[in-house]
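Chain by chain, the residues:
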2 protein chains.
Amino acid sequence: MLHAEDRFVKHLSIDCVVFGYHERQLKVLLLKWKELNKWSLPGGFIAFKENLRQAAERILKERTGLDDLFLQQFHVFGEPGRSDRNAKEIEFLSAKANMKVEKDHWILARTISIGFYAVTEFSKVNPTKDFFSESCTWCDIHKIPKLIFDHNQIVTEALKALRMQIYHQPIGYNLLPEKFTLPEIHDLYETILEKKMDRRNFPKKLLSLGIIKKLDKQKSIGAHRSPFLYKFDKPKYEKALKEGVVLVF
Amino acid sequence: MLHAEDRFVKHLSIDCVVFGYHERQLKVLLLKWKELNKWSLPGGFIAFKENLRQAAERILKERTGLDDLFLQQFHVFGEPGRSDRNAKEIEFLSAKANMKVEKDHWILARTISIGFYAVTEFSKVNPTKDFFSESCTWCDIHKIPKLIFDHNQIVTEALKALRMQIYHQPIGYNLLPEKFTLPEIHDLYETILEKKMDRRNFPKKLLSLGIIKKLDKQKSIGAHRSPFLYKFDKPKYEKALKEGVVLVF
């Protein structure tokens, strides 16, 4: 049997904040630990041969079943004592993971965690719990329970990073239908930023940068309501994602 | 003698990118290693009892003499092999640091580095080289030599982070004289962003947020030139620094 300390980089972990968007709702993906009755973000350790993004993708896949997400690093959490475990947690790990967790075990060493976040359309994915978890579920951003360690702070910082990011990188691809109306993309931005934005000025910048383009097609949503449809210009979207932009609405 | 592996967190380091600004010039603080003829960023390891910012401050102080800088974490660099050392470097460390660096020595283990950056007024500080360095000097941002490991990439990412930050946090306190003209603060932003900004629209946002305020005082810089002086409103500046803003010029 290979020991964990031969496979993983000691003192380091990764925690993932997956935001889920759907029709003006923003949620976060959480795991509930078996027996311990505790909630946490999906997290894990970095294998020696992995780079950080590969590690984050593997961890997320193993712990929640989710893949193909654009995970972005945003902050490192390193207060001494942030990940101290109590006796019950150590007992759980010993029993469940079949580890002999003694006083000097590597899992009890000071652990500094690198935060990654991603955004997905939560009605389109199926989170699947892992061996350690009782459930893997979406939780409304405003109703997050007390999480283990400093995970509540990790969520707060991830939300700050996401809110700053959407001024500098486009967002919406995979979150909106292929063809969408301006109110739909407007709702997405308002939900993430949690503030009102001008209905008329808002789309101008996206249009002027060429990130979205107007289609010669309308959506029928009622007797006298048929807003025009738009779609993302994928090459321009990708370019803006790579090079960064300054979007102001 | 205390061994380094008892004092420091294995597998982790911190590298600091200190940007220096002075009259339309932007520089970066570099160290040149004794004997090895190699340039690097000031970096070091995290002691067990330190949090990340404390470690970054201590490392910067030890290696360059600089303190009282507002160091900000911006990215983690973790490609496997990024910090592999060659035989000459290992020999240097063995001799200079009086370490017996054998094949399994902790300093040769995979090391993931947390990047911090800060900005200072370079004409006001005196960088001082440490024991390992032949020199500690400011280098023009456009003339950075080949640095060790992935340090060139670290500088590039730090500059990206700084450029994004100045849209969301005020900058200039300690970089400009206490009382400054609009062209002086305009130059600061243009130098960092490396782009032209409208002379008239630029200060409007800073004024409307109350970050800078106009004084009833002019600076005499020539026969017919006496621009008004401005200063930062420290409480509003601090508030904007803490809460974040969206500045667009």
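Keep in mind it's a predicted model, so treat the numbers as computed, not measured.

Points about the overall build of chain A
- Regarding its fold elements, chain A presents 7 helices and 9 strands.
- Across the 249 residues of chain A, 51% fall into the buried class.
- Considering only contacts within chain A whose residues lie at least 6 apart along the sequence, 71% involve residues at least 24 apart.
- Total accessible area on chain A stands at roughly 12,800 Å², and carbon and sulfur atoms take up 50% of it.

Here's the deal with the interface of chain A and chain B
- Between chain A and chain B, the contact holds 26 residues from the first and 26 residues from the second.
- In total, about 2,200 Å² of surface goes out of reach between chain A and chain B, with carbon and sulfur atoms giving 70% of it.
- Across the contact surface, chain A and chain B share 0 salt bridges.
- Joining chain A to chain B, the criterion identifies 13 residue pairs in polar contact (both at pLDDT 80 or more).
- Counting only elements with at least two residues in the side of chain A that touches chain B, the list comes to strand S1 (8-22), strand S4 (43-47), strand S5 (72-77) and strand S6 (112-121) of chain A.

Thoughts on the packing of aromatic side chains
Residues and elements named next belong to chain A.
- By the definition in use, this model includes 30 aromatic pairs over all chains.
- Note on phenylalanine 8 and tryptophan 106: the rings are 6.2 Å apart at their centroids and 20° apart in plane angle, and the pair reads as stacked. Here phenylalanine 8, found in strand S1, pairs with tryptophan 106, found in the loop between helix H3 (87-96) and S6; they are 98 residues apart in sequence, far enough to count as distant. Taken as a pair, phenylalanine 8 and tryptophan 106 share a single burial class, namely buried.
- Arranged with centres 5.0 Å apart and planes meeting at 70°, the rings of phenylalanine 232 and tyrosine 237 form a pair that is edge-to-face. Comparing phenylalanine 232 with tyrosine 237, the two get one shared label, buried.

Section: the nonpolar core
- Within the largest apolar cluster, 48 residues are counted, with the highest numbers of intra-cluster contacts made by A:Ile14, A:Ile114, B:Ile14 and B:Ile114.
- In contact with A:Ile14, not counting residues within four places along its chain, are A:Pro42, A:Gly43, A:Gly44, A:Ile46, A:Leu52, A:Ala55, A:Ala56, A:Ile59, A:Ser113, A:Ile114 and A:Phe116.

Some details on the side chain of B:Thr64
- In this fold, B:Thr64 is placed in helix H2 (residues 52-64).
- Here B:Leu60 takes part through its backbone oxygen, which lies 2.7 Å from a polar atom of the side chain of B:Thr64.

A look at the state of the cysteines
- Following the criterion strictly, the structure yields 0 disulfides over all chains and no others.
- B:Cys136 forms no disulfide, and the closest cysteine sulfur to it belongs to B:Cys16, at a distance of 11 Å.

Observations concerning the relation of the copies chain A and chain B
- In screw terms, the move from chain A to chain B is a rotation of 180° and a rise of 0.0 Å along the axis, fitting with an RMSD of 0.0 Å. What the rotation and shift describe, once combined, is the action of a two-fold rotation axis.

Let's talk about unusual backbone geometry
- Positive phi is not limited to glycine here, since A:His11 has a value of about 80°.
- With respect to the helices, strands and loops of the structure, A:His11 is situated in strand S1.
- Residue B:Arg24 is not a glycine yet carries a positive backbone phi of 65°.
- Mapped onto the elements of the fold, B:Arg24 is located in the loop between strand S1 (8-22) and strand S2 (25-33).

Quick look at the sheet that holds strand S9 (residues 212-218) of chain B
All names here are of chain B.
- Spatial strand order, S8-S10-S9: 3 strands in an open sheet with antiparallel pairing. Because the sheet does not close on itself, it has two edges, and the strands there are strand S8 (180-181) and S9.
- Inspection of the sheet shows S8 paired to strand S10 (residues 228-232) by 2 bridges, in the antiparallel sense. Pairing of threonine 181 across the sheet is with leucine 229, part of S10.

So, the pattern of salt bridges
- Here the structure, examined in full by the defined rule, presents 42 salt bridges over all chains.
- Residue A:Glu102 is joined to A:Lys100 by a salt bridge in which the shortest nitrogen-to-oxygen separation is 3.7 Å.
- Overall, A:Lys100 belongs to the exposed group, its relative accessible area being 66%.
- The partner of B:Asp67 in a salt bridge is B:Lys61, with the nearest N and O atoms 3.1 Å apart.
- B:Asp67 gets classed as partly exposed once you look at its relative accessible area, which sits at 41%.

Comments concerning the pairing of S6(A)
All names here are of chain A.
- Burial analysis of S6 places 10 of its 10 residues in the buried class, the great majority of the element.
- Covered by surrounding structure in S6 are Ile112, Ile114, Phe116, Ala118 and Thr120 together with Ser113, Gly115, Tyr117, Val119 and Glu121, the residues of both alternating faces.
- Here S5 runs beside S6; their pairing, made up of 5 bridges, is antiparallel. Among the inter-strand pairings, valine 76 is bridged to a residue of S6, identified as isoleucine 114.

Quick word on the confidence of the model for chain A
All names here are of chain A.
- Model confidence for chain A is summarised by a mean pLDDT of 92, while 98% of its residues fall at 70 or above.
- Taking the mean pLDDT of every element in chain A, the minimum, 76, falls on helix H1 (residues 4-7) and the maximum, 98, on helix H2 (residues 52-64).
- Across the interface, the model reports ipTM at 0.91; the global pTM reads 0.93.

About the thresholds
Residues numbered from 1 in each chain as written. Chains lettered and ligands numbered in written order. Predicted model: local features only at pLDDT ≥ 70, side-chain atom pairs only at ≥ 80, totals over all residues. Heavy atoms only, no water. Helix = DSSP H or I, 4+ residues; strand = E, 2+ residues; numbered from the N terminus. Buried < 20%, exposed > 50% of the residue type's maximum accessible area, 1.4 Å probe, protein only. Contact = heavy atoms within 4.5 Å. Areas by Shrake-Rupley, 256 points an atom, 1.4 Å probe, with all protein chains shown as cover. Buried area = accessible area lost by both parts, 1.4 Å probe. Salt bridge = Lys/Arg side-chain N within 4 Å of Asp/Glu carboxyl O. Polar contact = N/O pair within 3.5 Å; in protein donor to acceptor, adjacent residues only side chain to side chain. Phe/Tyr/Trp six-rings, centres within 6.5 Å; stacked < 30°, edge-to-face > 60°. Core = buried A, V, L, I, M, F, W, Y, C linked by side-chain atoms within 4.5 Å. Disulfide = S-S within 2.5 Å. Least-squares fit on C-alpha atoms with pLDDT ≥ 70 in both. Pairing = 2+ DSSP bridges. pLDDT = per-residue confidence, 0-100.

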